[in-house]
Amino acid sequence: MINLNASERICWTLWGVLLMSAALARPYLPIDETRYVSVAWEMWHAGSGFVSTMNGAAYADKPVLLFWLIHAGWMVFGVNDVWPRLVMPLVSLLGILQIGRVARTLWPATGLADAERQRHELWVRMVRWMLAGCLMWVLYSQALMFDVLLTTCLLGALRPWCTPQGGQPFSLSVVLESGVWLGLALLAKGPVALLWFLLVVGSRPWWTQAQAREVWVCEWRGWVLSLLLSIAVLCIWLLPAVITGPPDYVEDLLWGQTANRVVSAQDHARPPWWYLPWLAVLIFPLSLRPRLLIEGVLASVVRRPTSEHPLLKLGRFWALGALLVFSLISGKQVHYLMPLLVPVSLLLAWAALRQPPARTSLKLLAMISGGLGLTSLALAVIVMPAGWLTDASFLPTNAALVASGNASLACLMAGASLLALMVWLWPSVDEARRSITAQTPAAELQGNSALNAQRRLALGSVLLVTCLLALTLRPLWPRLDQTALAQWVQHHQQEGQEVAVVGWDYQATWQFLGRLTQPLKQLKRDSSQLNSWQTAHPDGWLIIEADKCLRLPDTRGPLAGMRDWCQAAVDDGANATPVFHQGRHRLLTVPAAALGGPSSAPTALVMTAQEKR
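As the structure is a prediction and not an experimental result, all values here were calculated from the model.

Q: Is there a simple way to explain empty space enclosed by the protein in this structure?
A: If you roll a probe as big as a water molecule over the atoms, it shows you where there is empty space left. Considering all chains together, one arrives at one cavity of 30 Å³ or more under this definition. Considering only enclosed or pocket space, the largest cavity measures out at about 70 Å³ in volume. Taken together, Ala23, Arg26, Pro27, Tyr28, Glu33, Pro84, Arg85, Met88, Pro89, Gln142, Ala143 and Leu144 make up the full set of residues lining the largest cavity. No other element matches the four residues that helix H4 (residues 82-106) contributes to the lining of the largest cavity. Residues that form the lining of the largest cavity fall into these classes: eight nonpolar, one polar and three charged.

As structure tokens, then:
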């Protein structure tokens, strides 16, 4: 049950709008977001709902739930760029509702006195705002990735098993709810969902109010049935994938990529302590409250009260156990710890209601906002083109000047918004102090003041991130936006010309943005392979990173021709080759004729106006 007053509804609406605005204000970022939306596009175009492909090859790194959600929106609204950006903000809102349901299950309101019932409701609301304000949750709720989706599904799977009373006979509704949500979690990110599920459910004998043996005897059948039902849900996708997919597709999906990350990660292998320095960043701005962290996490471990609340025990098992397990796993990425924010939110919300409002942290966040606001204003002055404000007739026709003017305007807006955020955050300090002295019960006032402060902290955090992503960092987005190069590839493929990439592992970056219907061939920097490709596609085009091209060996043959073409493009643009950007990398397009050989007719080096654009 969700009880929200008018101000709470307004705040959550504002939070959701800010989240969606930040997601819509930037392009799809390579290589992760462009890869996932391209996989969804290739499945959609091929009419394949079960076997995912990337650049025409079977893609076994991730299951299909995210791609299905994208397809669901496309079925309603048609294929568009907007819907995939909105999937994660909407899933994030569902996750906020889910953690509220988990909180109500962990601390039931049944049988509580009126005062304790009111404190219970404040705690549930505090838990939701704790999660909503964490920097990692805010950032990944705007990104087209899998971890917020996994966390939301896990919360649904764990909710029925978060009751403080252990040893109760399980019901069919518990098994159905838990099994279906766990199956969706498996469809979201694969077998790692089982690790989180077993970590919480398997520790029930030690954190519930019943005896451990009683919990094992009464509940193990329910756990097993939930696992079996989740596998049945997984098989809705898995069986058709086995039948229609390549032989090694399912093996790589369910075992290969997971086992490689656990035992010997190739891409993200890091030492066991690697997560520890990131913890303060991941839970920002909660890390601005060291007293809250000590009381919420460490005090319950040190004091060990005789009648400790089950939610504190669960929080310890969940947070510390998960951190230990994932620290021992070879592959590490910060977003792998996303579900860890749930027990942290539960523990810190419990402690926050027993402390004065977050005055110091609000001041610190206000000062951070003010500092970033002044920095944005300084950047606006630095990138502002000369005469932009003083000359009313100044109408720049140069594209670089136009981009510079737009960047300056965005930084000005960001600076003004961040300074306004600083002003909005700061008065709450005095407001919270006055509320404690009002003629109202002290415990009730302290709880309300703590909740209001945390709400301001969460809204301030998401507004800060939105201003930075949508405005301050706007000058960076053109270098990451792959739309121009994707449209260039689309144009040449429609002309019947082969386009290939040279020298790197292409991850379908341009497939969706260009609505490409053909995969791009990947070539090595090898003379014989390039000669064979040129013979087969004399009017084709190559895409290569400029730095790699310039480092090609100084020999005769196609490598020398490619290097000379790239050198001319970088030096003075004599060959009229456009330079595209992918972050810090410059990408150049090279015609097959530039490789030398019999197909190098002079007319092949002439580009049309469309190609130059």
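Q: Honestly, the nonpolar core in this entry has me stumped. Any pointers?
A: Taken as a class, soluble globular proteins show a tendency for nonpolar side chains to be buried jointly. Formed by 151 residues in total, the largest nonpolar core has its most connected members in Trp15, Trp123, Trp510 and Ile543. Top element by residues in this core is helix H20 (residues 442-472). It accounts for eleven residues. With residues up to four places along the chain from it excluded, the contact list for tryptophan 15 reads Ser92, Leu93, Ile96, Trp129, Ala132, Trp137, Leu459 and Val462. Counting 20 residues, the second-largest nonpolar core is a separate cluster that includes Ala500, Cys566, Ala569 and Ala594.

Q: Looking at this structure, how should I read the side chain of aspartate 147?
A: Mapped onto the elements, aspartate 147 comes out in helix H7 (residues 147-158). Within polar-contact distance, the side chain of aspartate 147 engages the side chain of lysine 189 at 2.6 Å. A distance of 2.9 Å separates polar atoms of two side chains, one belonging to aspartate 147 and the other to histidine 335.

Q: What am I meant to see in unusual backbone geometry here?
A: Generally, phi is negative for residues other than glycine and the peptide bonds are trans, each holding for most cases. In this structure, the amide linkage connecting proline 30 to the following residue, isoleucine 31, adopts the cis form with an omega of 5°. You can see isoleucine 31 is positioned in the loop between helix H1 (6-24) and helix H2 (32-46). At asparagine 55, a position not held by glycine, the phi torsion is positive, near 55°. Secondary-structure assignment places asparagine 55 in the loop between strand S1 (53-54) and strand S2 (57-58). Even without a glycine there, the phi angle at arginine 515 is positive, about 50°.

Q: Got a minute to help me understand the sheet that holds strand S7 (residues 585-591) in this structure?
A: Sheet strands associate in pairs through backbone hydrogen bonding, adopting either a parallel or an antiparallel arrangement. With respect to topology, five strands assemble into an open sheet ordered S4-S3-S5-S7-S6, the strand pairing being mixed. Strands at the two margins of the open sheet, each flanked by one partner only, are strand S4 (521-523) and strand S6 (579-582). Neighbour-to-neighbour, the strand axes of the sheet open up by a mean angle of 30°, direction not taken into account. As defined by bridge partners, strand S3 (residues 499-502) adjoins strand S5 (residues 541-545) across three bridges and the pair is classed as parallel. Bridge pairing links alanine 500 to leucine 542 in S5. Each of S3, S5, S6 and S7 touches helix H22 (residues 483-494); the most contacted strand, S5, lies at about 160° to it. Set on the sheet, helix H23 (residues 527-536) makes contact with S3, S4 and S5; between it and S4 the angle comes to about 145°.

Q: Can you walk me through the environment of methionine 145 in this structure?
A: Relative to the elements of secondary structure, methionine 145 occurs in the loop between helix H6 (135-140) and H7. On the basis of relative accessible area, methionine 145 is assigned to the buried category, the value being 10%. In the structure, methionine 145 is positioned 79 residues away from leucine 66 in sequence and 8.2 Å away in space, judged by C-alpha atoms.

Rules behind the numbers
Residues numbered from 1 in each chain as written. Predicted model: local features only at pLDDT ≥ 70, side-chain atom pairs only at ≥ 80, totals over all residues. Heavy atoms only, no water. 1 Å grid on protein atoms, 1.4 Å probe; cavity = no way out; pocket = protein on both sides within 12 Å on 5 of 7 lines; lining within 4 Å. Points joined across faces, edges and corners; volume = space filled by probe spheres on them. Helix = DSSP H or I, 4+ residues; strand = E, 2+ residues; numbered from the N terminus. Nonpolar A, V, L, I, M, F, W, Y, C, P; charged D, E, K, R; others polar. Core = buried A, V, L, I, M, F, W, Y, C linked by side-chain atoms within 4.5 Å. Buried < 20%, exposed > 50% of the residue type's maximum accessible area, 1.4 Å probe, protein only. Contact = heavy atoms within 4.5 Å. Polar contact = N/O pair within 3.5 Å; in protein donor to acceptor, adjacent residues only side chain to side chain. Pairing = 2+ DSSP bridges. Axes fitted to C-alpha atoms, helices over the stretch in contact; angles between N-to-C directions.

Function cannot be inferred from these measures alone, as they are strictly geometric.
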